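Coordinate inspection notes
One letter stands for each residue in the lines below.
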Amino acid sequence: MTQLPQSTDRKMGLVIDLDTCVGCHACVISCKGWNTENYGAPLSDQDAYGADPSGTFLNRVHSYEVQPAESHAQLIHFPKSCLHCEDAPCVTVCPTGASYKRVEDGIVLVNESDCIGCGLCAWSCPYGARELDQAEGVMKKCTLCVDRIYNENLPEVDRVPSCVRTCPAGARHFGDLGDPNSDVSKLVAERDGMDLMPEMGTKPVNKYLPPRPKDTVEDQIDILAPLLAPVAEEPKGFISWLDKALDKLPGGSA
């Protein structure tokens, strides 16, 4: 069995904004591409173009319709991957020591050469964040792109997890959550960031920012009303000509 470190020098992790995520799955595709070509064994697919496709993913996006008590229903897109827990049960249950948590940055990894594919770590993870690759027979999980974030051959802007670099909505943030002065820690404090399933006692490093309350349709109309008011009583110039031309078309007004 693997022992967890008493503490880590840093707590590198993700902050995911559920208010901003649009469910486009760009992070999923980017993650699959990067981790198929780089760290560890490729992420395989089975019957990819057949009737019953399946495959290994380190990051998945789930969508849920939520009905708040006093407002309209909302569609919430919920990305999920390994949360790099401080008290990670997937590490302590591993019989070979393949699953471990790094002291220098707190990232939880799998040494695939030592993994026997027993699945104990996947069963112990309350988040369902590990997947057994059917082709390689080893356990796969989010690595926070550890082969990317420290790669000095990459431009500094690219030294973040692939999912963070790719997200078109800016819903994913990366940094040291053990540093209260880091951008991610400040974001969590400002937006009341949450742990996923804190009752499990795993102390996840990754945090989620809750969706903000949505305005009602009536509020939106009130805000836009001055902008929607007509500027002129009668159209002039090109608009006047276009209006007359359209009137002459079949079906136009008399």
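Structural data are supplied above this passage.
Residues numbered from 1 in each chain as written. Predicted model: local features only at pLDDT ≥ 70, side-chain atom pairs only at ≥ 80, totals over all residues. Heavy atoms only, no water.

Glancing now at the overall build of the protein chain. Summing up its helical and strand segments, the protein chain has eight helices and eleven strands in all. In the protein chain, once contacts between residues fewer than 6 apart in sequence are set aside, the share between residues at least 24 apart is 60%. By element, 55% of the accessible surface of the protein chain is carried by carbon and sulfur atoms, the whole surface being about 14,700 Å². (Helix = DSSP H or I, 4+ residues; strand = E, 2+ residues; numbered from the N terminus. Contact = heavy atoms within 4.5 Å. Areas by Shrake-Rupley, 256 points an atom, 1.4 Å probe, with all protein chains shown as cover.)

What follows covers the environment of Cys27. Structurally, Cys27 is set in helix H1 (residues 26-37). With 137 residues separating them in the primary sequence, Cys27 and Val164 have C-alpha atoms 7.2 Å apart. The residues touching Cys27, leaving out its near neighbours within four places in the chain, are Asn59, Val61, Cys163 and Arg172.

Taken together, the side chains of Phe238, Ile239, Trp241, Leu242, Leu246 and Leu249 present a nonpolar region at the surface, about 640 Å² in accessible area. Tracing the backbone shows Ile239 in helix H8 (residues 237-247). (Patch = residues over 30% accessible without salt bridge, like charges linked within 9 Å, V, L, I, M, F, W, Y side chains within 5 Å. Salt bridge = Lys/Arg side-chain N within 4 Å of Asp/Glu carboxyl O.)

In this structure, Leu14, Ala88, Ile107, Tyr127, Leu144, Phe174 and Tyr208 are the most contacted members of the largest nonpolar core, which totals 39 residues. Those elements that provide at least two residues to this core are strand E1 (12-17), H1, strand E5 (74-80), helix H2 (89-92), strand E7 (108-110), helix H4 (146-149) and helix H5 (162-166). Those residues in contact with Tyr208 that sit more than four places away from it in its chain are Ile16, Leu18, Phe78, Pro79, Lys80, Leu83, Gly193, Met194 and Leu196. (Core = buried A, V, L, I, M, F, W, Y, C linked by side-chain atoms within 4.5 Å. Buried < 20%, exposed > 50% of the residue type's maximum accessible area, 1.4 Å probe, protein only.)

Here the focus is unusual backbone geometry. Of note in this structure, His84 is not a glycine but carries a positive phi near 50°. Inspection of the secondary structure assignment puts His84 in the loop between E5 and H2. Using a relative accessible area of 0% as the deciding quantity, one classes His84 as buried.

Another point: the pairing of E1. The buried count for E1 comes to six of six residues, which makes it a mostly enclosed element. Taking every second residue as pointing to the same face, both faces of E1 are buried, with Met12, Leu14 and Ile16 on one and Gly13, Val15 and Asp17 on the other. Across five bridges, the pairing between E1 and strand E10 (residues 172-176) is antiparallel. By the bridge assignment, Val15 is partnered in E10 with His173. Of the pairings in the sheet, the one linking E1 to strand E11 (residues 207-209) comprises three bridges and is parallel in character. In the strand pairing of E11, Asp17 is matched with Leu209. (Pairing = 2+ DSSP bridges.)

A few words on the packing of aromatic side chains. For the coordinates displayed, the defined rule picks out one aromatic pair. On the basis of an interplanar angle of 15° and a centroid distance of 4.8 Å, the ring pair of Phe78 and Tyr208 is categorised as stacked. Of the two residues, Phe78 sits in strand E5 while Tyr208 sits in strand E11, which places them 130 residues apart along the sequence. Judged by relative accessible area, which is 15%, Phe78 ranks as buried. Geometry around Trp34 places Arg148 over its ring, the cationic atom sitting 4.7 Å from the centre. (Phe/Tyr/Trp six-rings, centres within 6.5 Å; stacked < 30°, edge-to-face > 60°. Lys NZ or Arg CZ within 6 Å of the ring centre and 35° of its normal.)

Another aspect to go through is the pattern of salt bridges. Evaluated as defined, the whole model comprises ten salt bridges. A salt bridge links Asp45 to Lys32; the shortest N-O distance between them is 2.8 Å. Note that Asp45 is positioned in strand E2 (residues 45-46) and Lys32 in helix H1, a separation of 13 residues in sequence. The buried category is assigned to Lys32, whose relative accessible area is 12%. In this structure, Arg60 engages Glu131 in a salt bridge whose closest nitrogen and oxygen atoms are separated by 2.6 Å. Residue Arg60 is located in strand E4 (residues 60-66), and its partner Glu131 is located in strand E8 (residues 131-132); the two are separated by 71 residues in the primary sequence. The exposure class assigned to Arg60 is partly exposed, which follows from its relative accessible area of 32%. Each of Arg102, Glu104 and Asp105 takes part in one network of salt bridges that share partners.

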